[in-house]
Amino acid sequence: MTEEHTASPVSLTTDGHTTIRAPLPGDAATLIAGRDTQFNLFMGEGSADPQPSACIIADGQVVGWTDYDPDLNCLESGEVNIGYNLFPTYRGKGHASRAVQLLIHHLALDGMHDTAVFLIRKDNKASLALAERLGFEHTGGEGENIRFKKSLPSLTYTDGIVTIRRRQLTDLDEDLTAKDNEQ
Ligand SMILES: CC(C)(COP(=O)(O)OP(=O)(O)OC[C@H]1O[C@@H](n2cnc3c(N)ncnc32)[C@H](O)[C@@H]1OP(=O)(O)O)[C@@H](O)C(=O)NCCC(=O)NCCS
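Predicted model, so just to flag it, every value in this text is computed and none were measured.

Asker: Where do I start with the environment of Gly92 in this structure?
Answerer: Inspection of the secondary structure puts Gly92 in the loop between strand S5 (79-86) and helix H3 (95-110). The exposure class assigned to Gly92 is exposed, which follows from the 10 C-beta atoms found within 10 Å. Sequence separation between Gly92 and Ala126 is 34 residues; the distance between their C-alpha atoms is 9.2 Å.

Asker: What is the right way to read the sheet that holds strand S4 (residues 61-69) from this model?
Answerer: Across a sheet, strands are paired by hydrogen bonds formed along the backbone, either parallel or antiparallel in direction. If you walk across this open sheet you meet the 8 strands as S1-S2-S3-S4-S5-S6-S8-S7, and the pairing is mixed. The open sheet has two edge strands with one neighbour each: strand S1 (13-14) and strand S7 (137-142). Bridge count between strand S6 (residues 115-121) and strand S8 (residues 145-151): 7 bridges; the pairing is antiparallel. Bridged to Val117 within S8 is Lys149.

Criteria and cut-off values
Residues numbered from 1 in each chain as written. Predicted model: local features only at pLDDT ≥ 70, side-chain atom pairs only at ≥ 80, totals over all residues. Helix = DSSP H or I, 4+ residues; strand = E, 2+ residues; numbered from the N terminus. Buried ≥ 20, exposed ≤ 12 C-beta atoms within 10 Å, placed from the backbone. Pairing = 2+ DSSP bridges.

Here you go:
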């Protein structure tokens, strides 16, 4: 996982404690300044121009990033890899777990993927704890990493007879046709 990915932009989304939003001009320098030895140990040198899916905001400031990437070779169809980093002074407050939950919400609304995947180094205790906290399932090894996955919420519910799902663009046409037929 890198700090680079461009796909559908993440709208400003918050749970009241932690917020995520698409990066703005100037954020790249802040993200670079926020790197520390833990970042380098587990994520390498990092990009010279980080453009993650979302910055993590707390106390009105950028405090890290989270990113999703559906293009890694090790992923199966429908899977998307999620990564994250928090600046050191903002760790231990729940912001990473909450930001990933918000990104999962974005991915669920986006409807393009069905499974979130983490690839976490075996010695990255804080990240392993995050995977457990968010209820990800341990699904084996991937080189020096442990692989975790969790289904994204489908946002479709059915009792076998009636189904409710999110609106689609074509629904408007069908609604108008039904009204025409009534008149
Ligand atoms: C991985 C990483 C993001 C985890 O950060 P973290 O701060 O431990 O994770 P969270 O932000 O979710 O915080 C969880 C902690 O905050 C606590 N917490 C405090 N207030 C909280 C709140 N309001 N809501 C939720 N949790 C809260 C939790 O109890 C937990 O504490 P614990 O670790 O003592 O159990 C961080 O270590 C990091 O940036 N590492 C370097 C980059 C990296 O390794 N990325 C992942 C590569 S796979």
